[in-house]
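Tertiary structure, described
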Amino acid sequence: MTKSTDGLNELNGHIAATSAPIGKPAAGYEYVIATDGACSGNPGPGGWAWVEQISGAYQAGGEAATTNNRMELIALVRALEYVPTQADLLIRADSSYVINSLTKWAKGWRARGWRKADGKPVLNKELIETLLNLYEARTGHTEIEWVKGHAGDAANEFVDRLAVQQSHIYSRK
């Protein structure tokens, strides 16, 4: 890991940790995860990030040529890979696309052979399929909460900064 000028680390997909909880994690969960994605242009260089608010563990990465939706999806995939399947979990995300894909649309898309209602193929199918499989494999109590982006939520602001930083790193690659 190398230090950047804004005080965050170039994680390149490695897991790091802060020295304290991030924000005010909701009580009653073993894990509280906040996720975000960013893209400089859409498509363009992008970044993704998640933070486990109770422990301060976090991870971020990116791609040189991607979309914001891909970065949002990857953030949640990586977070779900981190959290034990049996743990009680609160997922906090500002992406309606990710939340709706997971909770409303994906099962129907899978039943239709990964086609939308209009018959067109689902974009980001591999990521959404991975996300759905990880979500369905969970045995712990799992809830999802939409968070308004850029509205002062400490965890959302933290992962936004990480994701944006990663998009800048990948714009130089």
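Attention in this report is confined to the structure presented alongside it. (Residues numbered from 1 in each chain as written. Predicted model: local features only at pLDDT ≥ 70, side-chain atom pairs only at ≥ 80, totals over all residues. Heavy atoms only, no water.)

Considerations on the sheet that holds strand β5 (residues 44-52)
Think of a sheet as strands paired side by side through backbone hydrogen bonds, with each pair either parallel or antiparallel. Rules: Two strands qualify as a pair provided that DSSP identifies no fewer than 2 bridges between them. A helix here means a DSSP run of H or I that spans at least four residues, while a strand means a run of E at least two residues long, and both kinds are numbered starting from the N terminus. To define axes, lines are fitted to C-alpha atoms, for helices over the stretch in contact only, and angles between the resulting N-to-C directions are given on a 0 to 180 degree scale.
With respect to topology, 6 strands assemble into an open sheet ordered β3-β6-β5-β4-β7-β8, the strand pairing being mixed. Every interior strand has two partners, whereas the edge strands, β3 (15-17) and β8 (142-146), have only one. Strand-to-strand twist of the sheet, defined as the mean angle between neighbouring strand axes without regard to direction, takes the value 20°. The pairing of strand β4 (residues 31-39) with strand β7 (residues 89-93) spans 5 bridges and is classified as parallel.

Looking at the packing of helix α1 (residues 68-82) against helix α3 (residues 125-136)
Using the following cut-off: Should an angle fall under 35 degrees it is taken as roughly parallel, and over 145 as roughly antiparallel, whereas 65 to 115 is taken as roughly perpendicular and any remaining angle as oblique. The hand of a helix crossing depends on one turn: near helix anticlockwise from the far one by less than a right angle means left-handed, and clockwise means right-handed. In this analysis, two residues are considered to be in contact whenever any of their non-hydrogen atoms come within 4.5 Å of each other.
The interhelical angle for the contact between α1 and α3, taken along N-to-C directions, is 30°, at an axis separation of 10 Å. Between α1 and α3, the interaxial angle falls into the category roughly parallel. In the crossing of α1 with α3, the sense of the turn from one axis to the other is left-handed. Here Arg70, Leu73, Ile74, Leu76, Val77, Leu80 and Glu81 of α1 come into contact with α3, specifically with Leu127, Ile128, Thr130, Leu131, Leu134 and Tyr135.

A look at the pairing of β7
How we decide: Exposure is judged per residue with a 1.4 Å probe applied to protein chains only, and the accessible area is read against the type maximum: over 50% gives exposed, under 20% gives buried, and values in between give partly exposed.
A large share of β7 lies buried, amounting to 5 of its 5 residues. Taking every second residue as pointing to the same face, both faces of β7 are buried, with Leu89, Ile91 and Ala93 on one and Leu90 and Arg92 on the other. Where β7 lies against β8, 5 bridges are found, and the strand directions are parallel. When the sheet's bridge partners are listed, Ile91 is paired in β8 with Ile144.

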